[in-house]
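Spelled out, the chains give:
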Amino acid sequence: MKISLISVTKIFAPDIVALDNVNLIIKKGEFVYLMGKSGSGKSTLIRLITREVLPTRGKIVVGDVDLGKINKADIPFYRRDIGTISQDLKLIPKLTAYENVAFALEAMGIPHRYVKARANKVLDQVGMWRRRVFYPPQLSGGEQQRVAIARALAKSPALILADEPTGNLDAKTTEDIMNLFWNINASGITVIMATHNSNTVRDHHCRLIELQSGFVTRDARIGN
Amino acid sequence: MEAVIYVIDNTFRLLRRQWVLSLLTLITAAAMFWLLGIISMASMNVRHLMHKLENDLLIQVYLKKNADVEYVVDEVKKMNWVSDVKSISPEEALEKLEERLGRQSHATKLIGENPLPWSLQVRVRSIGDTDILAKALNTMQEVEDVVYAGAYIRRLERISYLANSGVVTMLILALFITSLVIFNTIRISLFSQKDEIFIMSLIGATHGYIAYPFILQGIIISGTGSLLAVFGLIYLYGSGVKILQEALPFLPLIVEVPVLLRFYMLLILFGIGVGWICSYISVSRYISVTTKPI
C-alpha cells in the first residue's frame, strides 16, 4: 500500500506544531522506521494515516484513498486495510487471547465460521496458539504484544502501523517481536514502525525516517 | 446472521455487566409508564362517559303557543351545534307525562285541557357546545323556555379538562424522566466499554455495528418497563372496574377487550419507541464525539 504525505502540517491547539511541512512517499512493501524523541511527531504521523487526526494543511493519500476527501461512512472500511499496534496494546482484559483476536474479526462483520480458523491461524503465526485461552493479565508483556500483533494481522491488512511496539519489552523479547515484524514485512505487507529506541533498528534492508520537532531531518535507506 | 448474533449476544452481556443499573432504570421506566397508563385510562374513561352523555344529552325546548313548529325545527336544524331535532306534540308530551306519573296519571285529567305546549328535543353535537346552543335557542322568538342539565355538564367538562391536562403533564414527565434515565444508563454503558469502542472503531467496525448493542439495550430496558407497566395496569384496572361496577352500576366504564388491548399495545410501543430514540441519541452523540478526528 503506497502512502503519500504532501506538505503535511499538523498544529494542535493552541499552537503546538506536531508536524511541519512533511513530504513523504512510502512505497508498497517497504519497512519504515520512524525514529525520533518523544514529541518529535512520530505518533501524530501514524494517527494521521489512521485518520484519527486530520492535517491542518496538506494532503495524505493512502492507496487510492485521499484522506481529506474520504466519506465518514467509508472510514471503517478504509481502516480494515490497516493493522495498528500501539505500546499500550489496547487488549481487552476480560477477553482471552483468542477472543481478543476473534473480536477484531467479528467487529468487521466476518462470518463466525471463518473467524475461528483465521484467529487460530494468526495466533499460531505469532506463536501464541498454545496460550490462546489465557487472559491478557495472565500473559507476559511480550506475549501480550504478540496477541496485539495477531489481532492486527488477523484482518490481512496491507499496512501495519506500529507505535512503539517494543517500548516496554526487554532486549530478548524485543528481538523476537522485531523478527515477527520482519516476517510480516517479508510477506509483502508495508510496515511503518515508530520508535525512539535506536537499538530496535536492525541492519535489514529498510528505510529510516528521522523526525525532530515535527521536521523530517533524515530519510535514508539502510541495510543490505 | 453473525452480526445479529453478535448484537444480541453483546446486548445481553451489557445488561448482565450493569444489571443493577439496568434494573433501576427498568423500575423507573416501569413506574413512569404505569403512572402514564393510569392517568391515560382515567382520561379515556372520562371521555367515554362524556361521549355517552353526549349521546344521551337532550336540550328540551318549549315553544310559545302559536309558534310555527316546522319553521322552528328547520331553523334549529340549521344551527352548527345540533346533531338531531325531534318535535313533540302536546298530546305526545302528555302521554309521556302520564307514563312517568304511573298510578297518579289520572291527575292530568283534573287539569282539563292539555296545558303542555309543543316542544323540541334537541341533541347536541358536542357536549362542550351545550351552553352556547341553549343560549342561541333562548334568543329565538318562538321559544318560551330552554331546559338542560347545564351545571352537571360544566362539572364534567372540568373533569375532562383536568384529565386531559393530567395526561399531557404525565406524558411530558414520563418522557422526560424515562428519557433521562435511559440516556444516562446507555452513556454509562458506553463509558464502561470505551476501550472496546475505541478498538472497534480503529479496526474498522462500522458505527452501526458499534451502536446496535447499546440501542438494543435501551429498547429492552424501556420495552420491558412498559410491558411490566401494562401487567400492573391489567391487574389494577381489572380490580378497579369490578369494584366500581358493584358500587356504581350505572357508571359507563371501558371494558371492551379490543379497546383495552389496543391501549396496552400502544403503551408498549411507546415504551419501545422512547428506549430506541433515547439510546440512539446517546450512542450517536458518544460515537461521533469519541471517533471524531482531532
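Relevant structure appears above.
Residues numbered from 1 in each chain as written. Chains lettered and ligands numbered in written order. Predicted model: local features only at pLDDT ≥ 70, side-chain atom pairs only at ≥ 80, totals over all residues. Heavy atoms only, no water.

J.: Is there a simple way to think about the sheet that holds strand 3 (residues 31-35) of chain A in this case?
T.: Residues and elements named next belong to chain A. Across the sheet, 6 strands lie side by side as 6-7-8-3-9-10; this open sheet has mixed pairing. Of all the strands in the sheet, the pair left with one neighbour each is strand 6 (82-86) and strand 10 (215-222). Across the sheet, the axes of successive neighbouring strands diverge by a mean angle of 15°, strand direction being ignored. Sitting on the sheet, helix 1 (residues 42-49) is in contact with strand 3, strand 6, strand 7 (159-163), strand 8 (190-195) and strand 9 (206-212), with an inclination near 150° to strand 7. (Pairing = 2+ DSSP bridges. Helix = DSSP H or I, 4+ residues; strand = E, 2+ residues; numbered from the N terminus. Axes fitted to C-alpha atoms, helices over the stretch in contact; angles between N-to-C directions. Contact = heavy atoms within 4.5 Å.)

J.: Please clarify how the packing of aromatic side chains should be interpreted in this entry.
T.: Any two aromatic rings considered together are summarised by their centre-to-centre distance and by the angle between their planes. Residue and element names in this part refer to chain A. Going through the model one piece at a time under the given rule, you end up with 7 aromatic pairs over all chains. Considering the side-chain rings of Tyr 33 and Trp 182, the 6.4 Å spacing of their centres and the 70° angle between planes classify their relative orientation as edge-to-face. Of this pair, Tyr 33 sits in strand 3 while Trp 182 sits in helix 6 (residues 171-186); the two residues are 149 residues apart in sequence, bridging distant segments of the chain. By relative accessible area, which is 0% here, Tyr 33 ends up buried. Linked through ring pairs, Phe 31, Tyr 33 and Trp 182 together constitute an aromatic cluster. If you follow Arg 131 out to its NZ or CZ, it ends over the ring of Phe 134, 4.3 Å from the centre. Sitting over the ring of Trp 129, Arg 132 keeps its end group 3.8 Å from the ring centre. (Phe/Tyr/Trp six-rings, centres within 6.5 Å; stacked < 30°, edge-to-face > 60°. Buried < 20%, exposed > 50% of the residue type's maximum accessible area, 1.4 Å probe, protein only. Lys NZ or Arg CZ within 6 Å of the ring centre and 35° of its normal.)

J.: Would you mind showing me how to read the sheet that holds strand 1 (residues 3-12) of chain A here?
T.: Hydrogen bonds between backbone atoms are what pair the strands of a sheet, whose relative direction is either parallel or antiparallel. Residues and elements named next belong to chain A. Read across the open sheet, the 4 strands follow the order 2-1-4-5; overall the sheet is antiparallel. Where the open sheet ends on each side, the last strands, each with one partner, are strand 2 (16-26) and strand 5 (65-66). Of the pairings in the sheet, the one linking strand 1 to strand 4 (residues 57-62) comprises 5 bridges and is antiparallel in character. Looking at the pairing, Ser 4 lines up with Val 61 of strand 4.

J.: Explain a negative patch on the surface here, please?
T.: On the surface, a cluster of negative charge is contributed by B:Glu91, B:Glu92, B:Glu95 and B:Glu99. Positionally, B:Glu92 belongs in helix 4 (residues 90-101). (Patch = residues over 30% accessible without salt bridge, like charges linked within 9 Å, V, L, I, M, F, W, Y side chains within 5 Å. Areas by Shrake-Rupley, 256 points an atom, 1.4 Å probe, with all protein chains shown as cover. Salt bridge = Lys/Arg side-chain N within 4 Å of Asp/Glu carboxyl O. Lys, Arg positive; Asp, Glu negative; His and termini not counted. Charge placed at Lys NZ, Arg CZ, Asp CG, Glu CD.)

J.: What should I look at first to understand the packing of helix 3 (residues 97-107) of chain A against helix 8 (residues 194-203) of chain B in this one?
T.: The relative placement of two packed helices is expressed as an angle between their axes plus a distance between the axes. Close contact between helix 3 of chain A and helix 8 of chain B brings their axes to 9 Å; oriented N to C, the two are set at 60°. For the element pair helix 3 of chain A / helix 8 of chain B, the angle class is oblique. The element helix 3 of chain A and its partner helix 8 of chain B pack so that their crossing is right-handed. On the side of helix 3 of chain A, the interface is formed by A:Phe103, A:Ala104 and A:Ala107, while helix 8 of chain B contributes B:Glu196, B:Ile199, B:Met200 and B:Ile203. Of the residues that constitute the contact of helix 3 of chain A with helix 8 of chain B, the class distribution is 6 nonpolar, no polar and 1 charged. (Parallel < 35°, antiparallel > 145°, perpendicular 65-115°, else oblique. Left-handed = near helix turned anticlockwise from the far one by under 90°. Nonpolar A, V, L, I, M, F, W, Y, C, P; charged D, E, K, R; others polar.)

J.: Which parts of the structure should I look at to understand unusual backbone geometry?
T.: With glycine set apart, most residues show a phi of negative sign, and most peptide bonds adopt trans. All names here are of chain A. Pro 14 follows Ala 13 through a cis peptide bond whose omega is 0°. Backbone geometry at Asn 21 places phi at a positive 50°, although glycine is not the residue there. Mapped onto the fold, Asn 21 is located in strand 2. Overall, Asn 21 belongs to the partly exposed group, its relative accessible area being 45%. One non-glycine residue, Ser 213, lies in the positive phi region at around 50°. Structurally, Ser 213 is set in the loop between strand 9 and strand 10.

J.: Would you explain the pattern of salt bridges in this entry?
T.: Close approach of charged atoms allows side chains with opposite charge to pair. All names here are of chain A. Throughout the structure, instances matching the rule amount to 11 salt bridges over all chains. With a closest N to O distance of 3.8 Å, Glu 164 and Lys 42 form a salt bridge. Placement of Glu 164 in the loop between strand 7 and helix 6 and of Lys 42 in helix 1 is noted, with a sequence separation of 122 residues between them. On the basis of relative accessible area, Glu 164 is assigned to the buried category, the value being 9%. Between Arg 207 and Asp 219 there is a salt bridge, with its nearest N and O atoms 2.9 Å apart. You can see Arg 207 sitting in strand 9 and its partner Asp 219 sitting in strand 10, a full 12 residues away along the chain. Among the residues examined, Arg 207 registers a relative accessible area of 5% and is labelled buried. Judged by its relative accessible area of 41%, Asp 219 is partly exposed.

J.: Sorry, what's going on with the pairing of strand 1 (residues 58-63) of chain B here?
T.: All names here are of chain B. As paired strands, strand 1 and strand 3 (residues 119-124) are joined by 5 bridges and run antiparallel to one another. Its bridge partner lying in strand 3, Ile 59 is registered against Val 122. Of the pairings in the sheet, the one linking strand 1 to strand 4 (residues 143-147) comprises 4 bridges and is antiparallel in character. For Gln 60, the partnering residue across the bridge sits in strand 4 and is Val 147.

J.: In this structure, what is going on with helix 6 of chain A? I would like to understand it.
T.: Because an α-helix packs 3.6 residues into every turn, residues spaced three or four apart end up facing the same way. Over its 16 residues, helix 6 of chain A runs 22 Å from end to end, which matches the ideal 22 Å to within 8%, given 1.5 Å per residue. Residues of helix 6 of chain A that are buried: A:Thr173, A:Thr174, A:Ile177, A:Met178, A:Leu180, A:Phe181, A:Trp182, A:Ile184 and A:Asn185. (Expected span 1.5 Å × (residues − 1).)

J.: Could you clarify how one ought to interpret the side chain of B:Ser119 in this entry?
T.: Looking at the element boundaries, B:Ser119 is found in strand 3. The class for B:Ser119 is buried, based on a relative accessible area of 2%.

J.: Mind showing me how you'd approach the environment of B:Tyr209 here?
T.: Along the chain, B:Tyr209 falls in helix 9 (residues 207-247). Sequence spacing of B:Tyr209 and B:Val7 is 202 residues, and the spatial spacing of their C-alpha atoms is 7.7 Å.

J.: When you look at the environment of B:Thr139 in this model, what are you seeing that I'm missing?
T.: Along the chain, B:Thr139 turns up in the loop between helix 6 (130-138) and strand 4. Within the local environment of B:Thr139, its side chain forms a polar contact with the backbone oxygen of B:Ala136, the two atoms lying 2.5 Å apart. (Polar contact = N/O pair within 3.5 Å; in protein donor to acceptor, adjacent residues only side chain to side chain.)

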